[in-house]
Amino acid sequence: MRLLLFGPPGVGKGTQAKLLSEDYHIPHISTGDLLRAAADKRTELGKRAKAIMEAGQLVPDDVMNGIVREALSSKKVASGFLLDGFPRTLPQAKALAKIFGDLKIVKYWVLNLSLDDEEIIRRLGNRVVCRKEGRIFSMEEDGVTFASPCPVCGGELYQRDDDKPDTVRKRLQVYAVQTAPVIEFYRGAGVVVDVDGANSIDVVHREIRLLLGDLDTR
Ligand code: AMP
């Protein structure tokens, strides 16, 4: 099972990726999580990425391509993976095709989750993340606040700097201009599965499971 998770910020890629990763016992590779971990560790890459992320911009393609090549070369992904947050530009999509070619990866699917901008802004304004395990919660729906411990592991919850309204608007612009065209690249390859991200987490999860059940994912 090799899946690329595609869709605007806040559509639920990370949430669904965590569920699918447990269902299929395959690792969830989130480029945003990798960059945030580097920022927390204050590595050179992390310091550079933090400023770019806070501005709602994209980290340069060559940096991202290197990170993803390394992640996909690991033995841990031998039986599959969920790639979340990459590719975000056409050059990244082309680089990924080259990485797949080099690693002899032939079969993969792209799950394309969609949601309108108004709902995205509402969801991201409500989102808090567990610093320990990266689980995502909604303050409104899960009854948590920044001050609560993570309901699952007791870790610290925080709001991502780039979930503040001005940055969200910038991220949506970047998505429309640079990332949305990437889906057409994959439509041309006939590997896109469309999913409505407006439903509840459970409904979206069930729909994805049903759709994946009909595909050849070996
Ligand atoms: P995410 O957690 O996927 O929403 O990513 C958070 C931020 O990390 C993005 O807004 C970008 O600044 C950066 N980022 C993550 N993945 C990529 C990528 N593939 N290309 C460029 N920047 C990325």
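Going by the structure above, here's the rest.
Residues numbered from 1 in each chain as written. Predicted model: local features only at pLDDT ≥ 70, side-chain atom pairs only at ≥ 80, totals over all residues. Heavy atoms only, no water.

One turn of the α-helix equals 3.6 residues, which is why residues spaced by three or four share an orientation. An ideal rise of 1.5 Å per residue puts 18 Å on 13 residues; helix α5 (residues 90-102) measures up with 19 Å between its terminal C-alpha atoms. All buried positions along α5 are accounted for by Gln92, Ala93, Ala95, Leu96, Ile99 and Phe100. Along the long axis of α5, the arc covered by the buried residues comes to 160 degrees, so they all point the same way. Packing partners of the buried residues in α5 comprise β1 (2-6), α4 (61-72), β3 (81-84) and α8 (165-189). Between the side-chain oxygen of the N-cap and the backbone nitrogen of Gln92 there are 3.1 Å, and the N-cap of α5 in question is Thr89. (Helix = DSSP H or I, 4+ residues; strand = E, 2+ residues; numbered from the N terminus. Expected span 1.5 Å × (residues − 1). Buried < 20%, exposed > 50% of the residue type's maximum accessible area, 1.4 Å probe, protein only. Arc of directions from axis to C-beta. Contact = heavy atoms within 4.5 Å. Polar contact = N/O pair within 3.5 Å; in protein donor to acceptor, adjacent residues only side chain to side chain.)

Counting across every chain of the model gives five aromatic pairs. Between Tyr108 and Tyr186, the aromatic rings sit 6.1 Å apart at their centres with planes inclined by 85 degrees, giving edge-to-face as the arrangement. Of the two residues, Tyr108 is situated in the loop between α5 and β4 (109-114) and Tyr186 in helix α8; the sequence distance between them amounts to 78 residues. Here Phe185 and Tyr186 contribute two aromatic rings whose centre-to-centre distance is 5.1 Å and whose plane-to-plane angle is 90 degrees, an arrangement assigned as edge-to-face. A residue is classified by how much of its surface remains accessible, and Phe185, at 29% relative accessible area, is partly exposed. In textbook terms, an aromatic cluster arises when at least three aromatic residues are bridged by ring pairs, as seen for Phe81, Phe100, Tyr108, Phe185 and Tyr186. Cation over ring: Arg131 sits above Tyr158, and NZ or CZ is 4.1 Å from the ring centre. (Phe/Tyr/Trp six-rings, centres within 6.5 Å; stacked < 30°, edge-to-face > 60°. Lys NZ or Arg CZ within 6 Å of the ring centre and 35° of its normal.)

For the bond running from Phe86 to Pro87, omega is 0 degrees, close enough to zero to count as cis. Within the fold, Pro87 resides in the loop between β3 and α5. Positive phi outside glycine occurs at His25, with the angle close to 55 degrees. Tracing the chain through its elements places His25 in the loop between α1 (13-24) and β2 (28-30). What makes His25 exposed here is its relative accessible area of 67%.

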